[in-house]
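# Notes for the structure review
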Amino acid sequence: MSEQESLRCSSARNRGGVQRVEGKLRASVEKGDYYEAHQMYRTLFFRYMSQAKHAEAKELMYNGALLFFSYNQQNSAADLSMLVLEVLEKSEAKVEDDILEQLAKLFSLMDQNSPERVAFVSRALKWSTGGSGKLGHPKLHQLLAVTLWKEQNYSESRYHFLHSSDGEGCALMLVEYSASRGFRSEVDMFVAQAVLQFLCLKNKNSASVVFSTYTEKHPSIEKGPPFVQPLLNFIWFLLLAVDGGKLTVFTVLCEQYQPSLKRDPMYNEVSIKMCSDTHLVLYQCMNPTSFLSILTE
């Protein structure tokens, strides 16, 4: 038997063993023996980890978490979800789409108001920095943003969209956010903030996609450019100025659109630059050199 065939047979045997164990654990959960089943999952987790059976440990904990979620055993499910992350951390697993989708699935099933959910997402994002993105993998941010959007948690959804590359999804979420929670007079402000934030995160492409999609899809915005709302015209010209890297154009824009920029304290600063996970540094429009340097670096 070749080495490759031997590995396949070994994997099949391990998989069969995991399935048999899962069958017994499922039977315990179905009988309502939640505590006993939970403790058995933990015992098996440490046994597999001591034997460096990381794939088996992750699979067992993930399926166990889904099982407990299906019986609304939130605490047990959340605990096993954290063990999934522990496997990924200790095994130094590579960041792959299927794993990110599993983590997003667990997140979506957690109680929206539980502290365990906050701890889980923070730890998941930290692990995912093994991929691209200092604040977490863009794909994971995108998956989290979609989940939060479905929950109508628009503010948190926007945060995660900003750290993804899904400008179109962000725009569609903002359209819904504006229509359901905002005033008609604020339709331009929702997209302006997002565009400025994307630009300060040096994501010019998503900034453009957000703007074009939002202005096209929002039912209260007439087709443009030019637009009826001056602030939308400012953003439109700003995106053109960013592409050209013209400081003089940016300065003139700030001067010409002062009335629109004064509608909100944030716009008096013109834009926002993300400098850490949760803190924002504002750049005043009276000093456009600072802001333009961010966009053109």
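The numbers attached to residues start from 1 for each chain and follow its sequence in the written order. Local features in this predicted model are restricted to residues whose pLDDT is 70 or higher, and side-chain atom pairs enter the listing and the counts only when it is 80 or higher, whereas totals over whole chains, interfaces and linings include all residues. Where side-chain values are given, they derive from all heavy atoms of the structure, hydrogens and water being excluded.

With that out of the way, let us pick up the confidence of the model for the chain. Predictor confidence is given residue by residue as pLDDT, running from a minimum of 0 to a maximum of 100. Chain-level pLDDT for the chain is 84 on average; 80% of the residues reach the 70-or-more range. Elements are defined by DSSP. Helices are runs of H or I of four residues or more, strands are runs of E of two residues or more, and each kind is numbered from the N terminus. Across the chain, the element-wise mean pLDDT spans from 32 in strand E2 (residues 280-283) up to 98 in helix H5 (residues 97-109). We call two residues contacting when some pair of their heavy atoms lies within 4.5 Å. In the predicted structure, residues 268-292 sits below a pLDDT of 50 and forms 60 contacts with residues beyond four places in sequence or in another chain.

Counting through the fold element by element, Ser122 comes out in helix H6 (residues 115-127). The classification of residues rests on relative accessible area computed with a 1.4 Å probe and restricted to protein chains. Under 20% of the type maximum is buried, over 50% is exposed, and intermediate values are partly exposed. The partly exposed category is assigned to Ser122, whose relative accessible area is 47%. Taking the C-alpha atoms as reference points, Ser122 and Leu135, separated by 13 residues in sequence, lie 9.8 Å from one another.

Our next topic: unusual backbone geometry. A cis amide bond links Gly224 to the next residue, Pro225, at an omega of 0°. Mapped onto the elements, Pro225 comes out in the loop between helix H11 (204-217) and helix H12 (230-244).

Turning our attention to helix H3 (residues 54-70). Over its 17 residues, H3 extends 24 Å from the first C-alpha to the last, a length consistent with the 24 Å expected when each residue adds 1.5 Å. Taken as a whole, H3 has its buried residues at Glu56, Ala57, Lys58, Leu60, Met61, Tyr62, Gly64, Ala65, Leu67, Phe68 and Phe69. A positive backbone phi angle near 60° is found at Asn72, which sits one or two residues after H3. Here, expected helix span is obtained from the residue count minus one, scaled by 1.5 Å.

Take a side-chain nitrogen of Lys or Arg and a carboxyl oxygen of Asp or Glu: if they are within 4 Å of each other, that pair is a salt bridge. One pass over the structure, following the stated rule, counts four salt bridges. For Glu86, the salt bridge is made with Lys90, and the minimal N-O distance between the two is 2.8 Å. Here Lys90 and Glu86 lie together in helix H4 (residues 74-90), a separation of four residues that amounts to about one turn. The class of Glu86 is buried, set by a relative accessible area of 16%. Glu151 is paired through a salt bridge with Arg117; the nearest N and O atoms lie 2.6 Å apart. Taken together, the residues Glu151 in the loop between helix H7 (138-150) and helix H8 (154-162) and Arg117 in helix H6 connect sequence positions 34 residues apart. Comparing Glu151 with Arg117, the two get one shared label, buried.

Right, let's get into the packing of aromatic side chains. Ring geometry is summarised as follows: Phe, Tyr and Trp rings, the Trp one being its six-membered ring, pair when their centres sit within 6.5 Å, and such pairs are stacked at plane angles under 30 degrees, edge-to-face over 60 and tilted between the two. This structure, assessed with the given rule, holds nine aromatic pairs. Seen from their ring centres, Tyr34 and Tyr71 are 6.3 Å apart, and the 55° between their planes marks the pair as tilted. Of this pair, Tyr34 sits in helix H2 (residues 34-50) while Tyr71 sits in the loop between H3 and H4, and the two are 37 residues apart along the sequence. Residue classification places Tyr34 among the partly exposed positions, given a relative accessible area of 24%. According to the relative accessible area criterion, Tyr71 is partly exposed, its value standing at 31%.

Attention now moves to H2. Counted at 1.5 Å a residue, the expected span for H2 with its 17 residues is 24 Å, and the 25 Å between its end C-alpha atoms agrees. Those residues of H2 lying buried are Ala37, His38, Tyr41, Leu44, Phe45, Tyr48 and Met49. The buried side chains of H2 occupy one side of the element, clustering within an arc of 130° when seen end-on. Turned more than 90 degrees away from the buried face of H2 sit Tyr35, Glu36 and Ser50, all of them exposed. Of the residues flanking the end of H2, it is Ala52, one or two places downstream, whose phi is positive at about 60°. Working note: the arc is built from the helix axis to C-beta atom directions.

Tracing the sequence through the fold places Ser157 in helix H8. In contact with Ser157, other than residues within four places in its own chain, are Ala145, Leu148, Trp149 and Met173.

Only residues whose relative accessible area exceeds 30% and that form no salt bridge are eligible for patches; like-charged ones are grouped when within 9 Å, while nonpolar side chains (Val, Leu, Ile, Met, Phe, Trp, Tyr) are grouped when within 5 Å. Methods summary: accessible areas were calculated by the Shrake-Rupley approach with a probe of 1.4 Å, and residue burial reflects only the protein chains presented. In this charge count, Lys and Arg are treated as positive and Asp and Glu as negative; neither His nor the chain ends contribute. In this description, the location of a charge corresponds to atom NZ of lysine, CZ of arginine, CG of aspartate or CD of glutamate. Side chains of Glu96, Asp97, Asp98 and Glu101 sit close together on the surface and give a patch of like negative charge. Structurally, Glu96 can be placed in the loop between H4 and H5.

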